[in-house]
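Here is what each chain is made of, one letter per residue.
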Amino acid sequence: MKKIGIVKEFDGYNGIIESLDGIEYNIFKKDIYYKDINKFDSVSFVPEEYNKPEYETNVARFVKKLDKNLIK
């Protein structure tokens, strides 16, 4: 299921997306498709939970920049 969110941080390689429901997801450059993204861009993505015994995190996969900033 796709989600929509805003890029809170992105340094060109790694960053954080906050979804509409307030959950933060890590993003990696290898998971960005079609267009480069910047801070404050609206994006769609597929959420994924990454669970290991050492740590748990949320990761955004298949990140796509939306044509218009739908979220303000």
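What comes next is a walk through the structure. (Residues numbered from 1 in each chain as written. Predicted model: local features only at pLDDT ≥ 70, side-chain atom pairs only at ≥ 80, totals over all residues. Heavy atoms only, no water.)

**Describing the packing of aromatic side chains**
Each pair of aromatic rings is reported with the distance of its centres and the angle of its planes.
Move 1: Inspection of every chain in the model, using the stated rule, returns 3 aromatic pairs.
Move 2: Note on Tyr33 and Phe62: the rings are 5.7 Å apart at their centroids and 20 degrees apart in plane angle, and the pair reads as stacked. Of this pair, Tyr33 sits in strand 4 (residues 32-33) while Phe62 sits in strand 6 (residues 56-65), and the two are 29 residues apart along the sequence.
Move 3: The exposure class assigned to Phe62 is partly exposed, which follows from its relative accessible area of 47%.
Move 4: Consider the rings of Tyr50 and Tyr55, whose centres lie 6.1 Å apart with planes at 40 degrees: the pair is tilted.
Move 5: The class of Tyr50 is partly exposed, set by a relative accessible area of 31%. (Phe/Tyr/Trp six-rings, centres within 6.5 Å; stacked < 30°, edge-to-face > 60°. Helix = DSSP H or I, 4+ residues; strand = E, 2+ residues; numbered from the N terminus. Buried < 20%, exposed > 50% of the residue type's maximum accessible area, 1.4 Å probe, protein only.)

**Digging into the environment of Leu66**
Move 1: Checked against the element boundaries, Leu66 lands in the segment after strand 6.
Move 2: With near-sequence residues (within four places) excluded, Leu66 lies in contact with Ile4, Ser42, Val43 and Ser44. (Contact = heavy atoms within 4.5 Å.)

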